[in-house]
Amino acid sequence: MQPKGESTVRILAIGDVMGRAGRECLEKALPEAKRQFSPDVIIANGENAAGGFGITEKILLQFLQEQGIHVVTTGNHWADKKEIYGFKKKYSELLVPANMYNVDEAREGFVIKEWQPGYRYAVINLLGRVFMKGENRCPFMALDRILKQIPPAVKVRVVDFHAETSSEKQALAQYAVGRVSLFYGTHTHCPTADERVFGNKTGFVTDLGMTGAYDSVIGIETDHSLRHFLQQDFKKFEPSEKDPWFCFLLADIDRATGYCQHVARYRWKMSDMNLVEAEKGENT
Ligand SMILES: [Fe+2]
Ligand SMILES: [Fe+2]
């Protein structure tokens, strides 16, 4: 990553944090990423944080208070843990996709916050419609509607588009060029190597990938997934803990224009990190 400029706001974006392995990745690796890169804003997708399905209040508070994540986005699994209906309204930092069928579109899907006094940014959470369950509303129209609600002075705007297909993600990103600073995909749990800046304005990657165990089937224990595909057996469907990776994207945004200057993608395998080796050393 290039040195941070004077007028730059640096965003660190993390995709779907999957189960215990994903949460442990964050605990171990995020402090190191903060130390190396000094991000101003940290955003993570928490839709799979609790056992692979949904998020609890306890985990949300770990993310916000212990790990210093500023905004937690979600996706199609946002309400898998029903307790979220009880605490959702307490936290403006917790987003659910604005255009999802089981969400009140008028109130959800974006937040405006400050990374330091007087400097505001917006985060928007949308859901794809292709190969996604439910009668979800149009993400293109939802984006237009939300952008109208964000004051022009709020130049720094980030979109987490939680969608299955690369084409839908790239189409909505192209539709948003010049109107948002950073647009990234989540949901597939597979990082893509196509980070770039569209039109010298909008940073993009098709999918951030999951933070979780990659010796798996998109984070699920391989045996459980195979039983699902071979025998339609859903009795046990739990996250893997084997071979965790921490995947993230850094984006430098010019705070005056809101245009993206640079994006860089990282994949830290926990087994390669000196941090983990040091911990192991202490334990022996
Ligand atoms: Fe996910
Ligand atoms: Fe998802």
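From a predicted model like this one, the values you see are computed outputs, not experimental measurements.

Examining the overall build of the protein chain
- Within the protein chain one finds seven helices and 12 strands.
- Here the C-alpha atoms of the protein chain give a radius of gyration of 18 Å, agreeing with the 19 Å that 2.2 N^0.38 yields for 284 residues.
- Principal-axis analysis of the C-alpha atoms gives the protein chain an extent of 50 × 45 × 35 Å.
- For the protein chain, the proportion of its 284 residues judged to be buried stands at 54%.
- The contacts in the protein chain between residues at least 6 apart in sequence include a share of 66% that link residues at least 24 apart.
- In the protein chain, the 36 positive side-chain charges and the 37 negative ones have mean positions that sit 4 Å from each other.

Remarks on the coordination of the iron ion (ligand 2)
- The coordination sphere of the iron ion (ligand 2) contains the protein donors Glu 47 (OE), Asn 76 (OD1), His 162 (NE2) and His 187 (ND1), at a distance range of 2.1 to 2.2 Å.
- Here the iron ion (ligand 2) binds four donor atoms, and the angle range of 89 to 148° at the metal identifies the geometry as irregular.
- Sequence spacing of the donor residues for the iron ion (ligand 2), all on one chain, is E-x28-N-x85-H-x24-H.
- Looking at Asn 76, the relative accessible area reads 22%, which means it is partly exposed.

Remarks on the sheet that holds strand E8 (residues 196-198)
- As summarised here, the arrangement of the six strands in space is E4-E5-E6-E7-E9-E8, forming an open sheet in which the pairing is mixed. The open sheet has two free edges, formed respectively by strand E4 (110-116) and E8, since each of these has just one partner strand. In this sheet, neighbouring strand axes are inclined to one another by 25° on average, regardless of whether the strands run parallel or antiparallel.

Considerations on the side chain of Arg 10
- For Arg 10, the position within the fold is in strand E1 (residues 8-16).
- Only 2.7 Å separates the side chain of Arg 10 from the side chain of Asp 252, close enough to count as a polar contact.

Considerations on a nonpolar patch on the surface
- On the surface, a cluster of nonpolar side chains totalling about 360 Å² of accessible area is made up of Leu 226, Phe 229 and Leu 230.
- Of note, Leu 226 is situated in helix H6 (residues 222-231).
- Looking at Leu 226, the relative accessible area reads 42%, which means it is partly exposed.

Some remarks on the coordination of the iron ion (ligand 1)
- Binding of the iron ion (ligand 1) to the protein goes through Asp 16 (OD), Glu 47 (OE), Asn 48 (OD1) and His 189 (NE2), at separations of 2.0 to 2.2 Å.
- Around the iron ion (ligand 1) sit four donor atoms, and with donor-metal-donor angles ranging over 87 to 168° the site reads as irregular.
- Written as a sequence motif, the donor arrangement for the iron ion (ligand 1) is D-x30-E-N-x140-H.
- Between the iron ion (ligand 1) and the iron ion (ligand 2), the interatomic distance is 3.3 Å, and Glu 47 donates to each metal, bridging them. Here His 189 lies in the loop between strand E7 (182-186) and E8 and Glu 47 lies in the loop between strand E2 (41-45) and helix H2 (57-66), a separation of 142 residues in the sequence. As far as burial versus exposure is concerned, Glu 47 and His 189 are alike and both buried.

Description of H2
- All buried positions along H2 are accounted for by Ile 59, Leu 60, Gln 62, Phe 63 and Leu 64.
- Summarising the contacts, the buried residues of H2 are in contact with helix H1 (19-37), strand E3 (71-73) and helix H3 (84-87).
- Two residues or fewer after H2 comes Gly 68, characterised by a positive phi angle close to 75°.

Some details on H1
- When the terminal C-alpha atoms of H1 are compared, their 25 Å separation across 19 residues agrees well with the 27 Å that a helix rising 1.5 Å per residue should span.
- Along H1, the sharpest change in direction is near 40° and occurs at Ala 29; proline Pro 31 comes one to four residues later.
- A positive phi of about 45° marks Ser 38, the residue just after H1.

Considerations on the pairing of strand E9 (residues 202-205)
- With burial as the criterion, each face of E9 is covered, one bearing Thr 202 and Phe 204 and the other bearing Gly 203 and Val 205.
- With three bridges connecting them, E7 and E9 associate as parallel partners. Its bridge partner lying in E9, Leu 182 is registered against Gly 203.
- Here E8 pairs with E9 via three bridges, running antiparallel. Paired with Phe 198 across the strands is Thr 202, a residue of E9.
- The turn linking E8 back onto E9 is made up of three residues, and Gly 199 within it adopts a positive phi angle of 60°.

Points about the packing of aromatic side chains
- Taken as a whole, this structure holds 18 aromatic pairs when the rule is applied.
- Plain terms: the ring middles of Phe 140 and Tyr 175 are 5.2 Å apart, the flat faces sit at 65° to each other, and that makes the pair edge-to-face. Residue Phe 140 is found in helix H4 (residues 139-149), and its partner Tyr 175 is found in helix H5 (residues 166-176); the two are separated by 35 residues along the sequence.
- Residue classification places Phe 140 among the partly exposed positions, given a relative accessible area of 24%.
- With 6.0 Å between their ring centres and 65° between their planes, Phe 246 and Trp 268 make a pair best called edge-to-face. Remark: Trp 268 occurs in strand E12 (residues 260-269) and Phe 246 occurs in strand E11 (residues 244-254); sequence separation between them is 22 residues. The residues Phe 246 and Trp 268 share a single accessibility class, namely buried.
- Cluster of aromatic residues (ring-pair linked, three or more members): Phe 37, Phe 246, Phe 248, Tyr 266 and Trp 268.
- Of note, Arg 179 hangs over the ring of Tyr 175, and the distance from its end group to the ring centre comes to 4.8 Å.
- The aromatic ring of Trp 245 is capped on one face by Arg 267, whose charged end is 4.6 Å from the ring centroid.

Rules of the game
- Residues numbered from 1 in each chain as written.
- Chains lettered and ligands numbered in written order.
- Predicted model: local features only at pLDDT ≥ 70, side-chain atom pairs only at ≥ 80, totals over all residues.
- Heavy atoms only, no water.
- Helix = DSSP H or I, 4+ residues; strand = E, 2+ residues; numbered from the N terminus.
- Rg over C-alpha atoms; globule rule 2.2 N^0.38 Å.
- Buried < 20%, exposed > 50% of the residue type's maximum accessible area, 1.4 Å probe, protein only.
- Contact = heavy atoms within 4.5 Å.
- Lys, Arg positive; Asp, Glu negative; His and termini not counted.
- Charge placed at Lys NZ, Arg CZ, Asp CG, Glu CD.
- Donors = N, O, S within 2.8 Å, 3.2 Å for Na, K, Ca; no water.
- Tetrahedral: all angles 85-135°; square planar, octahedral: opposite > 155°, others 65-115°.
- Pairing = 2+ DSSP bridges.
- Axes fitted to C-alpha atoms, helices over the stretch in contact; angles between N-to-C directions.
- Polar contact = N/O pair within 3.5 Å; in protein donor to acceptor, adjacent residues only side chain to side chain.
- Patch = residues over 30% accessible without salt bridge, like charges linked within 9 Å, V, L, I, M, F, W, Y side chains within 5 Å.
- Areas by Shrake-Rupley, 256 points an atom, 1.4 Å probe, with all protein chains shown as cover.
- Salt bridge = Lys/Arg side-chain N within 4 Å of Asp/Glu carboxyl O.
- Expected span 1.5 Å × (residues − 1).
- Bend = angle between axes of the 7 residues up to and from the residue.
- Phe/Tyr/Trp six-rings, centres within 6.5 Å; stacked < 30°, edge-to-face > 60°.
- Lys NZ or Arg CZ within 6 Å of the ring centre and 35° of its normal.

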